[in-house]
Amino acid sequence: MVAGEVVFDSRNAKLLHESNLLPQLYVPREDVREDLLEPTAHRTHCPFKGDAGYFSVRVGDRVAENAVWHYPDPKPEVGWLAGHLAAYWERMDAWFDEDEEVFGHLRDPFHRVDVRATSRHVRVVLADGVLVETRRAKLLSETGLPNRFYVPAEDVPPDLLEPSATHTVCPYKGTASYHTVRVGDRVVRDAAWSYPDPLDGARAIAAHLCFHAEGLRTYVDGELID
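Residues numbered from 1 in each chain as written. Predicted model: local features only at pLDDT ≥ 70, side-chain atom pairs only at ≥ 80, totals over all residues. Heavy atoms only, no water.

Asks: Which residues make up the pattern of salt bridges, and what values go with them?
Replies: Taken as a whole, this structure holds 14 salt bridges when the rule is applied. With a shortest N-O distance of 3.1 Å, Arg29 and Glu34 are connected by a salt bridge. The class for Arg29 is partly exposed, based on a relative accessible area of 28%. Since its relative accessible area comes to 37%, Glu34 is described here as partly exposed. (Salt bridge = Lys/Arg side-chain N within 4 Å of Asp/Glu carboxyl O. Buried < 20%, exposed > 50% of the residue type's maximum accessible area, 1.4 Å probe, protein only.)

Quick look at the structure:
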């Protein structure tokens, strides 16, 4: 949606998986509000798909420039792209998968998030000082990312963290809130994050924090992992 108008609504879209890129949705032209599209002179070239043409989306006074693209004459190996259009995520106002609004980017059906309890000894160290240690962490494994250990909030000293204004969105875990670590005169900004209201697949990391920042080191059973 843009400015309250549905730009496309489809039951026949295709999800393109391409190496080192997020999955991209391509929508049949008949499912797109072409009355909202204005052709532009912008062009790009992909060595695998061909030459792309662009459209801006106009709704009243609101214009999302070069927000939609298509391949009018795609390379033969991706000939199915003909007659399909795609849109930049951040140039739309809202996206919905079925009746649920989704954030960050569309979910990849081949992407997994697994959380398991672990009794391994986890320590977070700054310089020579141990900031946090626990044997009640959660180990989160996520497709394409390194394993992360989340420690219970109740095992973190209450005066260690300060709230940060930083937030990020993961379509698989939810919205993360960040925290700054302060130890004496030493400050490490956005050194830890948590998911106050994680999505279903990551519910087990509620009330847990993960530490990862320059200057911090994480040890698991004495082995440096971070």
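Asks: Lay out the layout of surface pockets in plain terms, naming residues and giving numbers.
Replies: Approximately 790 Å³ is the volume attributed to the largest pocket. Residue lining of the largest pocket: 23 residues in total, with Asp9, Ser10, Phe96, Asp97 and Glu98 positioned closest to the centre. With 3 residues, the single largest contributor to the lining of the largest pocket is strand β7 (residues 95–97). What the second largest pocket holds in volume is close to 410 Å³. Elements represented by at least two residues in the lining of the second largest pocket include exactly β2 (24–28) and β3 (37–46). It is β2 that contributes the most residues to the lining of the second largest pocket, 3 residues altogether. Taken together, the residues that form the lining of the second largest pocket break down as 14 nonpolar, 4 polar and 3 charged. (1 Å grid on protein atoms, 1.4 Å probe; cavity = no way out; pocket = protein on both sides within 12 Å on 5 of 7 lines; lining within 4 Å. Points joined across faces, edges and corners; volume = space filled by probe spheres on them. Helix = DSSP H or I, 4+ residues; strand = E, 2+ residues; numbered from the N terminus. Nonpolar A, V, L, I, M, F, W, Y, C, P; charged D, E, K, R; others polar.)

Asks: Break down the packing of aromatic side chains for me, citing the residues and quoting the values.
Replies: Any aromatic ring pair is given by two values, namely how distant the centres are and how the planes are angled relative to each other. The full count for this structure, using the stated rule, is 9 aromatic pairs. With centroids separated by 6.4 Å and ring planes inclined at 40°, the aromatic side chains of Tyr54 and Trp69 adopt a geometry described as tilted. In this pair, Tyr54 sits in strand β4 (residues 50–59) while Trp69 sits in strand β5 (residues 62–70), placing the two residues 15 residues apart along the sequence. On the accessibility criterion, Tyr54 (5% relative accessible area) is buried. Its relative accessible area of 7% is what places Trp69 among the buried residues. Measuring from centroid to centroid gives 6.5 Å for Tyr54 and Tyr88, while their planes differ by 15°, and the two rings are stacked. Linking Tyr54 in strand β4 with Tyr88 in the loop between β6 (84–87) and β7, this pair joins segments that are 34 residues apart in sequence. (Phe/Tyr/Trp six-rings, centres within 6.5 Å; stacked < 30°, edge-to-face > 60°.)

Asks: For the sheet that holds strand β15 (residues 174–183), give the residues involved together with the corresponding values.
Replies: Strand order in the open sheet formed by 7 strands is β9-β12-β13-β17-β16-β15-β14, and the pairing between neighbours is antiparallel. Across the chains shown, the open sheet's two edge strands, defined by having one partner strand only, are β9 (113–117) and β14 (161–170). Across the sheet, the mean angle from the axis of one strand to that of its neighbour is 35°, orientation sign disregarded. Sheet topology note: the β9/strand β12 (residues 138–142) ladder contains 5 bridges and is antiparallel. (Pairing = 2+ DSSP bridges. Axes fitted to C-alpha atoms, helices over the stretch in contact; angles between N-to-C directions.)

Asks: Please give an account of the sheet that holds strand β19 (residues 223–224) that cites residues and values.
Replies: Strand order across the open sheet formed by 4 strands is β11-β10-β18-β19, with antiparallel pairing between neighbours. The sheet terminates laterally at β11 (129–134) and β19, the two strands that pair on one side only. Across 2 bridges, strand β18 (residues 216–220) lies against β19 in antiparallel orientation. Paired with Val220 across the two strands is Glu223, which belongs to β19.

Asks: Any details on a negative patch on the surface? Residues and values, ideally.
Replies: Among the surface-exposed residues, Asp97, Glu98, Asp99 and Glu100 lie close enough to one another that they form a single negatively charged patch. As for its placement among the helices and strands, Glu100 is situated in strand β8 (residues 100–102). (Patch = residues over 30% accessible without salt bridge, like charges linked within 9 Å, V, L, I, M, F, W, Y side chains within 5 Å. Areas by Shrake-Rupley, 256 points an atom, 1.4 Å probe, with all protein chains shown as cover. Lys, Arg positive; Asp, Glu negative; His and termini not counted. Charge placed at Lys NZ, Arg CZ, Asp CG, Glu CD.)

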